[in-house]
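So you can see what is in the structure, the chains are spelled out below.
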Amino acid sequence: MITHDERSHTLTLHTRHTTYQMKVDEYRVLLHCYYGPRVGEGDLSYLIQYADRGFSPNPNEAGNRRDYSLDTLPQEYSTCGVGDFRVLSAEVELPDGSRLLDLRYAGHEVRPGKYVLPGLPAFHGEGGETLSVRLRDAASGVEVELLYGIFEDFDLITRAARITNCGETAVGLCRAMSLCLDVGRADLDLMTFDGGHTRERNLSRAPLRPGVQGVGSARGMSSHQHNPFVILCEQGAGEDHGLCYGAALLYSGDFLAEAERSQFEDARLVMGIHPQNFRWPLAPGESFTTPEAALVCSPDGFARLTHCLHRAVRERLIRDPYRGRRRPVLVNNWEATYFDFNEEKLAALAEVSAGLGAELFVMDDGWFGQRNDDLRGLGDWTVNREKLPGGLEALVPRIQKLGMQFGIWVEPEMVNEDSQLYRQHPDWALAVPGRPPVHGRSQLVLDFGRQEVREHIYAALRKVLDSAEISYVKWDMNRALTDLWSAALPPQRQGEVCHRYMLGIYELLDRLRADYPALLIEGCAGGGGRFDLGMLYYTPQIWCSDNTDAIDRLRIQYGTSFCYPSGCMGSHVSVSPNEQNGRITPLETRGVVAMSGAFGYEMDLGKCSEEEKALIREQIAVFKRHWRLIQEGDYYRLTDPFQEGGCTAWQYVSPDRREALVSLVTGSTRAAQPFRTLRLKGLDPALRYRVNGGEALYGGDQLLYGGYPIPPFWGDYQSMQLYLEAAG
Ligand code: DGJ
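Residue numbers run consecutively from 1 along every chain, following the written order of its sequence. Per-residue local features are limited, in this predicted model, to residues with pLDDT of at least 70; the limit for side-chain atom pairs, both in listing and counting, is 80 or more; totals at the level of whole chains, interfaces and linings are taken over all residues. Only heavy atoms go into the side-chain values, all of them from the structure, while hydrogens and water stay out.

1. As for the overall build of the protein chain
Right, so step 1: Each helix corresponds to a stretch of at least 4 residues labelled H or I by DSSP, and each strand to a stretch of at least 2 residues labelled E; elements are numbered beginning at the N terminus. Scanning the protein chain from N- to C-terminus turns up twelve helices and 38 strands.
Right, so step 2: Radius of gyration: over C-alpha atoms. The globule rule applied is 2.2 Å multiplied by the number of residues raised to the 0.38 power. Over its C-alpha atoms the protein chain spans a radius of gyration of 27 Å, differing by no more than 12% from the 27 Å that the globule rule assigns to 728 residues.
Right, so step 3: Once the C-alpha set of the protein chain is aligned to its principal axes, its extents read approximately 85 × 70 × 45 Å.
Right, so step 4: Classification of residues uses two cut-offs on accessible area relative to the type maximum, computed with a 1.4 Å probe and protein chains only: under 20% is buried, over 50% is exposed, and between them is partly exposed. Scored against the burial criterion, the 728 residues of the protein chain give a buried share of 62%.
Right, so step 5: We call two residues in contact when some of their heavy atoms are within 4.5 Å. In the protein chain, the share of contacts with a sequence separation of at least 24, taken over all contacts with a separation of at least 6, comes to 69%.
Right, so step 6: As displayed, the protein chain has an accessible area near 26500 Å², and 49% of this comes from carbon and sulfur atoms. Accessible surface is estimated by sampling points in the Shrake-Rupley manner with a 1.4 Å probe; for residues, cover comes only from the protein chains shown.

So this is what it looks like as structure tokens:
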């Protein structure tokens, strides 16, 4: 619900459990009053305090009123060069060379339905409302339209900003944040999800210190190193208590999330496209629309924050036909064969896989051009007839005869210098004339901002997709962007390259979706280098990490879980010793970890013993039985995998709380293990639950407050699963 109180000139957004309020003050400055647990109607601007602060300047029209400064007041969208020295929301280079932006309220509108952002990913859904607030810099004519969408049942507020040059001369947009959130206190922690290739989204948490701190990416992808999702929370906040704010950007390219603790002990969070490689000229009448940002607020800890985000992602981001639909159990040949395969090897792997209950066979990298290693072939999307003499026309029916669907790997954004495509169109790769381009995995990046490049690649992909019945595509991306220069743009527009690249990817993914509506697309960027809400709008699952070690995955999946639902995380059982770190883990444990995601196997199943095959058959059956809980249930982190030596446990609970699945993995073993119990979460205290089909019934209250005993385990990295079902 969006309300406007004409007397106090407040604009208030209510979701089911939260309230967000802003106010137009006497100078038409848009102040931020409140974001937190839901409160009744009323002007919350009494929370804003005014004081004369040295070196915090005063707007001209405030005259000698020294207690009024943009530097001290909470702003809804912070300005540039007119007295607020905290972190900026927008920066525009004006025709006279100045960079002042004095944004004042110029009107607002409440519209039925949620705003749309053409060409950009966004939460969607019927009904809802949009609040549009227009701010204007009178001297230059630059306008900023702040857009707000509300998803009441999910306690989710979305935001975007549209910046328009309503003046008469061109201006240059240098910075355009999607979100600015001023919080009237600074005793907060910033939580970010960081790492690198094969160790994505490890949680970091630190108190806000004076000044600006943040994370971002200028790699042309949201990156393995930092994720465009952050949490600001009370310092004592935990899973079940404490106020916390979650902010996510629906964008897969360069991003910046900055939090500032100001001199007066308040905090500001901004989030949007990273300004480093960005400059967008706006001719008179032209607009730039930022990506969407999503905000959630939980008054009682991270679990609730996660539930809001997960539900919203499942219901309002992932699109049909994959919304609420079980993902097929897949077998991928990458770690089983790498580049060394042919039709017979694939068919043999598929045959074993089908016998074990797998449903989708995925042929990974190496099937096209001269792709016998990772030095060549990218860009040449025609079947390598030495490996697959009969082409897909021969291979795919063989797989289908086994009762399996067929899927294929592609990396459309890239080109190797050793490829037909590069020889024909060297200028299609990002490179600055006169400078040899930087290599990443021996490949270059195609300039996806260019229409003709996209057309060529799309036509080639279509040929492949039309040549056989292909149900799934893994869309990979294996290097960061460098040499940012497009042959298609004049010098003064080279700051558009990265964003145009991203818009090009989104356009192609949308075309793919429109032309092949049933196609399941799995996103991937060397594992989880582009694991973000932007990508999830187009690809309902994303390969979580190239690290398939179950124990490292506990941390990766734990961090990922704060924002992203399990059903979105591609997660496979691979061989032991693991090929990324040499760790030996039991097959049971690898299954428990991998099935907490979009489940599959990535190993030579033909080499498994009969005993192992029986276990795999059982794991697939367990996943098929409990997929709804895993994919659609409420997720609870029961323990923290960063606590050395401990157990990692997590739990799914059905919306009616009658069913739950608990998974637990131990760390390295020790003698004389302590007696431990695991307190469960989310159960109905009034119900009685049967555990793993046993005779005994346990009260929900008993399991919540007393817990369930963890037996002593023999050996490292053991696991346990408990399926709870309410009796009666
Ligand atoms: C990186 C991906 O993350 C892997 O799963 C695999 O597809 C390779 N690329 C193939 O080159």
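2. Digging into the layout of surface pockets
Right, so step 1: A cavity, in this analysis, means grid points on a 1 Å lattice covering only the protein atoms where a 1.4 Å probe fits yet has no way out; a pocket is instead an open set bounded by protein on both sides within 12 Å along at least five of seven lines, and a residue lines either one if it has an atom within 4 Å of a point. Grid points are joined across faces, edges and corners, and a volume is the space filled by probe spheres set on the points. As a volume, the largest pocket reaches approximately 670 Å³.
Right, so step 2: For the largest pocket, the lining is made up of 27 residues, of which Leu47, Val183, Gly184, Arg185 and Asp266 are closest to its centre.
Right, so step 3: At the level of elements, strand S4 (30–37) and strand S10 (171–183) are the ones that each hand at least two residues to the lining of the largest pocket.
Right, so step 4: Top element by residues in the lining of the largest pocket is S4. It accounts for six residues.
Right, so step 5: Think of it as three bins: nonpolar holds Ala, Val, Leu, Ile, Met, Phe, Trp, Tyr, Cys and Pro, charged holds Asp, Glu, Lys and Arg, and polar takes everything else, Gly as well. Here the residues of the lining of the largest pocket sort into 16 nonpolar, five polar and six charged.
Right, so step 6: The wall of the second largest pocket is formed by 28 residues, among which His197, Asn478, Gly526, Gly527 and Asp546 lie closest to the centre.

3. A few points about the packing of helix H3 (residues 343–356) against helix H11 (residues 610–632)
Right, so step 1: Helix axes are fitted only over the stretch in contact, all axes being lines through C-alpha atoms; the angle between N-to-C directions runs from 0 to 180 degrees. For the pair H3 and H11, the least separation of the axes is 9 Å and the interaxial angle reads 60°. As the angle between them shows, H3 and H11 are arranged oblique. In this structure, H3 contributes Val352, Gly355 and Leu356 to the contact, and H11 contributes Lys613, Ile616, Arg617 and Ile620.
Right, so step 2: Each residue belonging to the contact of H3 with H11 can be placed in one class, and the counts come to four nonpolar, one polar and two charged. These descriptions rest on fixed angle ranges, namely under 35 degrees for roughly parallel, over 145 for roughly antiparallel, 65 to 115 for roughly perpendicular, and the rest for oblique.

4. Observations concerning the pattern of salt bridges
Where charged atoms of side chains with opposite charge meet at close range, the side chains can pair.
Right, so step 1: The salt bridge criterion pairs a side-chain nitrogen of Lys or Arg with a carboxyl oxygen of Asp or Glu, the two atoms within 4 Å. The final tally for this structure, using the stated rule, is 58 salt bridges.
Right, so step 2: Notably, a salt bridge pairs Glu26 with Arg65, separated by 2.8 Å at the nearest N-O pair. With Glu26 in the loop between strand S3 (18–24) and S4 and Arg65 in the loop between S4 and strand S5 (90–93), this residue pair connects regions lying 39 residues apart in the sequence.
Right, so step 3: The class of Glu26 is exposed, set by a relative accessible area of 54%.
Right, so step 4: Given a relative accessible area of 25%, Arg65 falls into the partly exposed group.
Right, so step 5: When salt bridges that share partners are traced, they join Asp84, Arg86, Asp182, Asp266 and Arg268 into one network.

5. What to know about the site of the ligand
Right, so step 1: If you check the shell around the ligand, you find 13 residues, and the closest are Asp364, Asp365, Lys474, Asp476 and Asp546.
Right, so step 2: Throughout this description, a polar contact denotes any pair of N or O atoms lying within 3.5 Å of each other; where both atoms belong to protein, one of them has to be capable of donating a hydrogen while the other can accept it, and for residues adjacent in sequence the pair is counted only when both atoms sit in side chains. In this structure, an oxygen atom belonging to the ligand sits 2.6 Å away from a side-chain N or O atom of Asp364.
Right, so step 3: Lys474 places a side-chain nitrogen or oxygen 2.8 Å from an oxygen atom of the ligand.
Right, so step 4: For the ligand, whose accessible area on its own is 290 Å², the fraction buried by protein is 97%.
Right, so step 5: Put plainly, a molecule is in a cavity or pocket when over half of its atoms are within 2 Å of the grid points there. Put simply, the ligand lies in the second largest pocket. Proximity criterion: a residue is near a molecule or strand once any of its heavy atoms comes within 4 Å of it.

6. As for the sheet that holds strand S36 (residues 697–699)
Right, so step 1: Here, any two strands with at least 2 DSSP bridges between them count as paired. With respect to topology, six strands assemble into an open sheet ordered S31-S32-S33-S38-S35-S36, the strand pairing being antiparallel. A single partner strand is all that each edge strand has here, and the edge strands are strand S31 (634–637) and S36. Direction aside, neighbouring strands of the sheet carry axes that sit 25° apart on average.
Right, so step 2: Note: strand S35 (residues 688–691) against strand S38 (residues 719–726), three bridges, orientation antiparallel. In the strand pairing of S38, Arg690 is matched with Glu725.
Right, so step 3: Taken strand by strand, H11 contacts S31, strand S32 (648–653), strand S33 (659–665) and S38, and its axis lies near 100° from that of S33.

7. A short note on the sheet that holds strand S30 (residues 598–601)
Right, so step 1: Ordered by their spatial adjacency, eight strands build a closed barrel running S21-S22-S23-S26-S27-S28-S29-S30, and the pairing between neighbours is parallel. Sheet twist, expressed as the average angle between the axes of neighbouring strands with direction ignored, equals 30°.
Right, so step 2: Here strand S26 (residues 472–475) runs beside strand S27 (residues 520–523); their pairing, made up of four bridges, is parallel. Bridge pairing in S27 links Trp475 to Gly523.
Right, so step 3: Against the sheet, helix H4 (residues 391–401) touches strand S22 (360–363) and strand S23 (405–410), its axis set at about 135° to S23.

8. Here we look at the packing of aromatic side chains
Right, so step 1: Any Phe, Tyr or Trp ring, taking Trp's six-membered ring, that has another such ring centre within 6.5 Å forms a pair; planes under 30 degrees apart are called stacked, those over 60 apart edge-to-face, and the others tilted. In this structure the tally under the stated criterion is 29 aromatic pairs.
Right, so step 2: Centre to centre, the rings of Trp381 and Trp409 are 6.4 Å apart; their planes meet at 50°, and the pair counts as tilted. Here Trp409 lies in strand S23 and Trp381 lies in the loop between S22 and H4, a separation of 28 residues in the sequence. We note that Trp381, like Trp409, is buried.
Right, so step 3: Grouped by ring-pair contacts, the aromatic residues Phe193, Phe229, Phe302, Tyr558, Phe562 and Phe642 constitute a single cluster.
Right, so step 4: Just above the ring of Phe341 sits the side chain of Lys387; from NZ or CZ to the centre is 4.8 Å. Lysine NZ or arginine CZ positioned within 6 Å of the ring centre and within 35 degrees of the ring normal marks a charge as sitting over the ring.

9. Topic: H11
Spacing of three or four residues puts side chains on the same side of an α-helix, whose turn is 3.6 residues.
Right, so step 1: The terminal C-alpha atoms of H11, which comprises 23 residues, lie 33 Å apart, in line with the 33 Å expected from a rise of 1.5 Å per residue.
Right, so step 2: Given a residue, its bend is the angle between the two axes fitted to the seven residues that end at it and to the seven that start from it. The largest bend along H11 reaches roughly 65° and is located at His626.
Right, so step 3: If you check which residues of H11 are buried, you get Lys613, Ile616, Gln619, Ile620, Val622, Phe623, His626, Trp627, Leu629, Ile630, Gln631 and Glu632. Helix span, expected: 1.5 Å multiplied by one less than the number of residues in the helix.

10. Description of the environment of Leu360
Right, so step 1: Following the sequence through the fold, Leu360 ends up in strand S22.
Right, so step 2: For the pair Leu360 and Asn332, spaced 28 residues apart in sequence, the C-alpha separation works out to 8.5 Å.
Right, so step 3: Other than its neighbours up to four places away in sequence, Leu360 contacts Pro328, Val329, Leu330, Val331, Met404, Gln405, Phe406, Gly407 and Tyr472.

11. Some points on the nonpolar core
Right, so step 1: Tyr77, Trp367 and Leu392 are the most contacted members of the largest nonpolar core, which totals 206 residues.
Right, so step 2: The element best represented in this core is helix H7 (residues 497–515), accounting for nine residues.
Right, so step 3: When residues no more than four places from it in sequence are discounted, the contact partners of Leu392 are Met363, Val383, Pro397, Phe406, Ile408, Val464, Ser467, Ala468 and Ile470.
Right, so step 4: Judged by nonpolar contacts, the second largest core, of 24 residues, contains Leu638, Phe713, Met720 and Ala726. Only buried residues count toward a nonpolar core. Its members are Ala, Val, Leu, Ile, Met, Phe, Trp, Tyr and Cys residues joined through side-chain atoms within 4.5 Å.

12. Topic: empty space enclosed by the protein
Right, so step 1: For the structure on display, the rule yields nine cavities of 30 Å³ or more.
Right, so step 2: Reported here for the largest cavity is a volume of approximately 110 Å³.
Right, so step 3: Forming the boundary of the largest cavity are 15 residues, of which Leu554, Gln557, Tyr558, Tyr635 and Trp650 lie nearest the centre.
Right, so step 4: Residue composition of the lining of the largest cavity, by class: nine nonpolar, five polar and one charged.
Right, so step 5: Taken as a whole, the second largest cavity holds about 90 Å³ of empty space.
Right, so step 6: Together, 14 residues line the second largest cavity, and Arg319, Tyr322, Arg513, Tyr538 and Pro540 are the ones closest to its centre.
Right, so step 7: The greatest single-element share of the lining of the second largest cavity, amounting to three residues, is contributed by helix H8 (residues 533–538).

13. What to know about the pairing of strand S7 (residues 129–137)
Right, so step 1: By the bridge criterion, nine bridges tie strand S6 (residues 103–112) to S7 in an arrangement that is antiparallel. By the bridge assignment, Pro112 is partnered in S7 with Glu129.
Right, so step 2: With eight bridges connecting them, S7 and strand S8 (residues 142–151) associate as antiparallel partners. In the sheet register, Thr130 faces S8, and the bridge partner there is Gly149.
Right, so step 3: If you look at the hairpin formed by S7 and S8, you'll find four residues sitting between the two strands, and Gly141 has a positive phi there, around 85°.

Any functional reading would require information that these geometric values do not contain.
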